[in-house]
Amino acid sequence: MDKLINDFSFGLFFWQILLFVGLLLLLRKFAWKPILEAVNNREEGIKNALESAESARKEMQNLQADNERILNEARAERDGMLKEAKQLKENIIADAKAEAQTEADKIVAQAQATIESEKKAAIADLKSQVAGISVEIAEKVVRKELDNKDKQLELVESMLGDVTLN
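Criteria and thresholds
Within every chain, residues take consecutive numbers counted from 1 along the sequence as written. This being a predicted model, a pLDDT of at least 70 is required before a residue's local features are given, and a value of 80 or more before pairs of side-chain atoms are given or counted; all residues contribute to the totals for chains, interfaces and linings. Only hydrogens and water are set aside when side-chain values are computed; all heavy atoms of the structure are taken into account. Elements are defined by DSSP. Helices are runs of H or I of four residues or more, strands are runs of E of two residues or more, and each kind is numbered from the N terminus. Accessibility here uses a 1.4 Å probe with only protein chains present; expressed as a share of the type maximum, an area under 20% marks a residue as buried, one over 50% as exposed, and anything in between as partly exposed. By definition, a salt bridge exists where a carboxyl oxygen of Asp or Glu is found within 4 Å of a side-chain nitrogen of Lys or Arg. UniProt positions are given in the numbering used here, feature names are shortened, and annotations may be inferred rather than shown by experiment. The rule is short: rings of Phe, Tyr and Trp, with Trp giving its six-membered ring, pair when the centres are within 6.5 Å, and they are stacked under 30 degrees, edge-to-face over 60, tilted in between. Each patch is built from residues that are more than 30% exposed by relative accessible area and take part in no salt bridge. Like charges join if they lie within 9 Å; nonpolar side chains (Val, Leu, Ile, Met, Phe, Trp, Tyr) join within 5 Å. Surface accessibility follows the Shrake-Rupley procedure with a 1.4 Å probe radius. Residue values consider only the protein chains on display as shielding.

### Side note on the overall build of the protein
In terms of regular secondary structure, the protein is built from two helices and zero strands. Out of the 166 residues belonging to the protein, those deemed buried represent 0%.

### Concerning the pattern of salt bridges
Taken as a whole, this structure holds three salt bridges when the rule is applied. Glu73 serves as the salt-bridge partner of Arg69, at 3.1 Å between the closest nitrogen and oxygen. Residue Arg69 and its partner Glu73 are located together in helix α1 (residues 2-147), separated by four residues, close to a single helical turn. We note a salt bridge from Arg78 to Asp79, for which the minimum N-O separation is 3.1 Å. Using a relative accessible area of 41% as the deciding quantity, one classes Asp79 as partly exposed.

### Some points on the UniProt feature "transmembrane region" (unreviewed entry) in the protein
UniProt's feature table lists "transmembrane region" (unreviewed entry) at residues 12-32, given in the numbering used throughout. For residues 12-32, the end-to-end C-alpha separation is 26 Å, with 100% helix and 0% strand making up the annotated structure.

### Describing the packing of aromatic side chains
Tallied over the entire structure, the rule returns one aromatic pair. When the centroid spacing of 5.6 Å and the interplanar angle of 70 degrees are considered together, the rings of Phe14 and Trp15 count as edge-to-face.

### Quick word on a nonpolar patch on the surface
Taken together, the side chains of Phe13, Ile17, Phe20, Val21, Leu23, Leu24, Leu25 and Leu27 make up a nonpolar region of the molecular surface, amounting to roughly 740 Å² of accessible area. Along the polypeptide, Leu25 turns up in helix α1.

Below you can see the structure in the form of structure tokens.
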């Protein structure tokens, strides 16, 4: 029985190897090629996807660099516009100050001229009033002096004395 088992085991082993080799040949002919082809296609697809991802990454970097450049240009343009606006504001303020100063100087000059003319008019009026008052005072003094006869004679003699001495 041992022999039978050994013969049976060897026969079984032989048929198993034969079937395995046959199966390998069949798989090689019908399945191995499609499997390898599928693996190669998958590998090629992964490789293409990696290349696409790399090119997309490079394109994204280029876009980011372009965006950064455009952003820097926009900032520079904004800064230029702000600087120009600030300069324009300062010019407008300086012009307004100069115009206001000119107008103020003109108003001051007019006011000084008006004050000077009113001062001259007031002085002339004052002189005229002083002259009038002086005449009235002199008239009152002379009348008072001339009311008294003794005083009249004395005044005439004093005036004659002054005239002869000169």
